[in-house]
Amino acid sequence: MTLSEQEIIRRESLQQLYELGINPFPSNTYEVNVNTSEILEKFPTDETLFQDVSIAGRIMSRRIMGAASFVELQDSVGRIQLYIKRDDICPGEDKTCYNTVFKKLLDIGDIIGVRGFVFITKMGEITIHVKELKLLAKSLHPLPIVKEKEDQIYDAFTDPEQRYRQRYVDLIVNPWIKDTFIRRAQLIGSMRNFLNSKGYLEVETPILQPLYGGASARPFKTYHNTLDTTLYLRIANELYLKRLIVGGFDGVFEFAKDFRNEGMSRFHNPEFTQMELYVAFKDYNWMMELVEEMIEKIAIDLNGSAKVQVGEYIIDFKRPWKRYTMYEVIQHFTGVDISNMDEEELRNTAQTLKVPLTPAMAKGKIIDEIFGEYCEPNLIQPTFITDYPIEMSPLAKKHVSKPGLVERFEAIVNGKELCNSFSELNDPIDQRERFEAQLELGRRGDEESMVLDEDFLRALEYGMPPTAGLGVGIDRLTMIMTNTASIQDVIFFPQMRPEK
RNA sequence: GAUUCUGUAGCUCAGCAGGUAGAGCACAUCCCUUUUAAGGAUGGGGUCUUGGGUUCGAAUCCCAACAGGAUCACCA
């Protein structure tokens, strides 16, 4: 490892601190009695407050002027200026503490604790007049220096690669990005509270699975030594949650990390978070009501309003949302009624509409392509699309009255799928046939077709009540609720190629 | 995977008629007891991502590799 000049200097400073008897990495707790935002908020209304504060944080800038200095200190919630005067932090004859330790051996990035009192400088800035200063952790790696004045940012740390690889640096120098992640946590909290209040049970199911199921996707494969067996990282937890419904729970949900061995983009990370919910004795119509209620509540919890700014649009999550069947929405955007077409007619229609097809595409897939091309991008406000072709939905129950369709809906927001739901297929004979159709697709080379899960079928054979199921992409919901364009900005550590 | 752009000091960037590597911040030394993106002065710091090629000579031109961005494709 070759060190830069600045890194060498910091290591030398470290050595000198040891020689002065100062531990640069003390293990003691440091008692803090206030944070920066509290001071900045309350001091202007009452200047008798904060006359003995103890606060800790990271040095973000220093302005040294002889025997007095100003330091910007950043803690978890903000920044405040410190005023450090030589004779105050070194009351006796020995001025080492200021002249050597503070001026020479401390650096931007060091973590310190200070005690003192709050006052306002001639320039009108709320400042802590420091009486005691203690080094809490030495920083050996120079930080990028970002400065700002009146919304002008100088030397911004914006390189996406560095920001994602070194998220810790990103969080230090661009602290406002914390907000997105705090809101993500609030979103999950809000959803969890909602589901708990309905009486559903939060559960955990296996991530390492002998068979992957519950979605159409290529899995990650791994190996267990003791069992001498191949295991897969789950692509969904659907089949396990349904086993729990068979076991007698009325409602179960899980915030699940799922893993799909597919491409990456600003909407796709190989591992992502999905909330799946299964409720017994309900169907997809009931589930639509629940989704509206839940998402509206989350929007209000996060933004104080059901209206959320997303890019150039204001999206209103207020109930009720618009509902169209798949056939209706295609007719609406293309003017063509495809509800009674056979595969041949559909293929011709797609050709007329200039939707690219491959010979392998069957009826369901063609419909999906037309929908994806003409409808989905235009559905900005929350919209339920219902009643999907059966070929696309091997785990969904056949529609009670419409042949060839299943009882399924997706909610589309901002031109993207937000969630997916159906009345769960609980007929084990039908389910076996659907699995076998999937196996046939697999034999024809579809790498994303489902595999047959005998144990799941056995569970269904014991009897599963009619059940409504739901999957909500948490990363994408966070993107919408925080007006974020890229999934990498709502995941702390998005997947990257290994660093060389 | 396709197209396209990018890779120069710790950070942000300039330099690309091919001719001794630049700026600001950061860093170091000195001066300064209420400054504020940057107090003043002086100074140090770079295998110009890597490997080939063209050339008397390459950060600069060409080829390839590596890494990243953007758009598209793939992706319920």
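Refer to the structure above for everything that follows.
Worth saying up front: this structure is predicted, and the values here are computed from it rather than measured.

Okay, the overall build of chain A next. What chain A contains, in helices and strands, is 15 helices and 20 strands. The C-alpha radius of gyration computed for chain A amounts to 29 Å, which surpasses the reference 23 Å derived for 500 residues by more than 25%, pointing to a less compact arrangement than a globule. The principal-axis extents of the C-alpha atoms in chain A amount to approximately 95 × 55 × 45 Å. Long-range pairs, those at least 24 residues apart, make up 63% of the contacts in chain A with a sequence separation of at least 6. When the accessible surface of chain A is totalled, it reaches about 25200 Å², and 50% of it is carbon and sulfur. Side chains of chain A give 59 positive and 77 negative charges; the mean places of these two sets differ by 4 Å.

Moving on to the protein's contact with RNA strand B. RNA strand B sits among 51 residues. The nearest are Glu5, Gln81, Lys147, Ser216 and His268. When atoms of RNA strand B within 4 Å of the protein are split into backbone and base, the sugar-phosphate part holds 56%. In the environment of RNA strand B, a base nitrogen lies 3.2 Å from a nitrogen or oxygen atom belonging to the side chain of aspartate 155. For the surface near RNA strand B, the secondary structure elements donating two or more residues are helix 1 (5-19), strand 1 (53-65), strand 2 (68-75), strand 3 (78-85), strand 6 (147-149), helix 5 (160-165), strand 18 (405-413) and strand 19 (416-423). For the surface near RNA strand B, the element with the highest residue contribution is helix 5, accounting for four residues. Its residues assigned to classes, the surface near RNA strand B shows 18 nonpolar, twelve polar and 21 charged.

Let us look at the pattern of salt bridges. With the rule as written, the count across this model stands at 38 salt bridges. Taking the shortest distance from any N to any O, the salt bridge between aspartate 107 and lysine 138 comes out at 2.6 Å. Linking aspartate 107 in the loop between helix 4 (96-105) and strand 4 (111-120) with lysine 138 in the loop between strand 5 (126-137) and strand 6, this pair joins segments that are 31 residues apart in sequence. For lysine 138, a relative accessible area of 6% corresponds to the buried category. Put simply, arginine 234 and glutamate 254 hold a salt bridge, and the shortest N to O gap is 3.3 Å. Placement of the pair is arginine 234 in the loop between strand 11 (229-233) and helix 8 (238-246) and glutamate 254 in strand 12 (residues 251-259), with a sequence separation of 20 residues. Accessibility expressed as a relative area gives 2% for arginine 234, which makes it buried. When salt bridges that share partners are traced, they join Arg10, Asp107, Asp110 and Lys138 into one network.

A word on empty space enclosed by the protein. Empty space left among the atoms is revealed by rolling a probe the size of a water molecule over them. If you walk through the whole model with that rule in mind, you get one cavity of 30 Å³ or more. Considering only enclosed or pocket space, the largest cavity measures out at about 40 Å³ in volume. If you trace the largest cavity, you find it lined by Gln209, Leu211, Tyr212, Gly213, Gly214, Ala236, Asn237, Leu239, Tyr240 and Asp453. Broken down by class, the residue content of the lining of the largest cavity amounts to five nonpolar, four polar and one charged.

Take the sheet that holds strand 11 next. Pairing in this open sheet of three strands is antiparallel, and the strands run 9-11-10 from one edge to the other. The open sheet terminates on both sides in strands that have one partner only, identified here as strand 9 (208-209) and strand 10 (221-224). Pairing geometry for strand 9 and strand 11, over two bridges, is antiparallel. Paired with glutamine 209 across the strands is tyrosine 232, a residue of strand 11.

So, on to the sheet that holds strand 2. Note: strands within a sheet are paired through backbone hydrogen bonds, in either parallel or antiparallel orientation. Around the barrel, five strands lie side by side as 1-2-3-5-4; this closed barrel has mixed pairing. Here the average twist between neighbouring strands, direction ignored, is 50 degrees. With six bridges connecting them, strand 1 and strand 4 associate as antiparallel partners. Paired with glycine 57 across the bridge in strand 4 is isoleucine 112.

Turning our eyes to something else, we now look at the state of the cysteines. Counted under the stated rule, the structure contains zero disulfides. With no disulfide of its own, cysteine 97 has cysteine 90 as its nearest cysteine by sulfur position, at a separation of 4.1 Å. Here cysteine 419 stays unpaired: no disulfide links it, and the sulfur of cysteine 375, its closest cysteine neighbor, is 18 Å away.

Moving on: the packing of aromatic side chains. For the coordinates displayed, the defined rule picks out twelve aromatic pairs. Judged by centre distance (3.9 Å) and plane angle (10 degrees), the rings of phenylalanine 181 and phenylalanine 492 are stacked. Linking phenylalanine 181 in helix 7 (residues 178-197) with phenylalanine 492 in the segment after helix 15 (474-481), this pair joins segments that are 311 residues apart in sequence. The class for phenylalanine 492 is partly exposed, based on a relative accessible area of 38%. Over the ring of phenylalanine 102 we find arginine 62; its NZ or CZ atom is 5.4 Å from the centre of that ring.

Now for helix 8. Of the residues making up helix 8, those classed as buried are Glu238, Leu239, Leu241, Lys242, Arg243 and Ile245. Each element contacted by the buried residues of helix 8 is listed here: strand 12, strand 13 (271-280), strand 19, helix 14 (454-462) and strand 20 (467-473). Positive backbone phi, at 115 degrees, marks glycine 248, one or two positions downstream of helix 8.

Let's shift gears to helix 13 (residues 428-443). The end-to-end C-alpha separation of helix 13 is 22 Å, in line with the 22 Å expected for 16 residues at 1.5 Å each. Among all positions in helix 13, only Pro428, Asp430, Gln431, Arg434, Phe435 and Gln438 are buried. Taken around the axis of helix 13, the buried residues stretch over an arc of 155 degrees, which confines them to a single face. Every exposed residue of helix 13 that faces more than 90 degrees away from the buried side is listed here: Ile429 and Arg443. For helix 13, the capping residue at the N-terminal end is aspartate 427, with a side-chain oxygen 2.9 Å from the backbone nitrogen of isoleucine 429. Backbone geometry just downstream of helix 13 places glycine 445 in the positive-phi region, at approximately 105 degrees.

Parameters at a glance
Residues numbered from 1 in each chain as written. Chains lettered and ligands numbered in written order. Predicted model: local features only at pLDDT ≥ 70, side-chain atom pairs only at ≥ 80, totals over all residues. Heavy atoms only, no water. Helix = DSSP H or I, 4+ residues; strand = E, 2+ residues; numbered from the N terminus. Rg over C-alpha atoms; globule rule 2.2 N^0.38 Å. Contact = heavy atoms within 4.5 Å. Areas by Shrake-Rupley, 256 points an atom, 1.4 Å probe, with all protein chains shown as cover. Lys, Arg positive; Asp, Glu negative; His and termini not counted. Charge placed at Lys NZ, Arg CZ, Asp CG, Glu CD. Near = heavy atom within 4 Å. Polar contact = N/O pair within 3.5 Å; in protein donor to acceptor, adjacent residues only side chain to side chain. Nonpolar A, V, L, I, M, F, W, Y, C, P; charged D, E, K, R; others polar. Salt bridge = Lys/Arg side-chain N within 4 Å of Asp/Glu carboxyl O. Buried < 20%, exposed > 50% of the residue type's maximum accessible area, 1.4 Å probe, protein only. 1 Å grid on protein atoms, 1.4 Å probe; cavity = no way out; pocket = protein on both sides within 12 Å on 5 of 7 lines; lining within 4 Å. Points joined across faces, edges and corners; volume = space filled by probe spheres on them. Pairing = 2+ DSSP bridges. Axes fitted to C-alpha atoms, helices over the stretch in contact; angles between N-to-C directions. Disulfide = S-S within 2.5 Å. Phe/Tyr/Trp six-rings, centres within 6.5 Å; stacked < 30°, edge-to-face > 60°. Lys NZ or Arg CZ within 6 Å of the ring centre and 35° of its normal. Expected span 1.5 Å × (residues − 1). Arc of directions from axis to C-beta.

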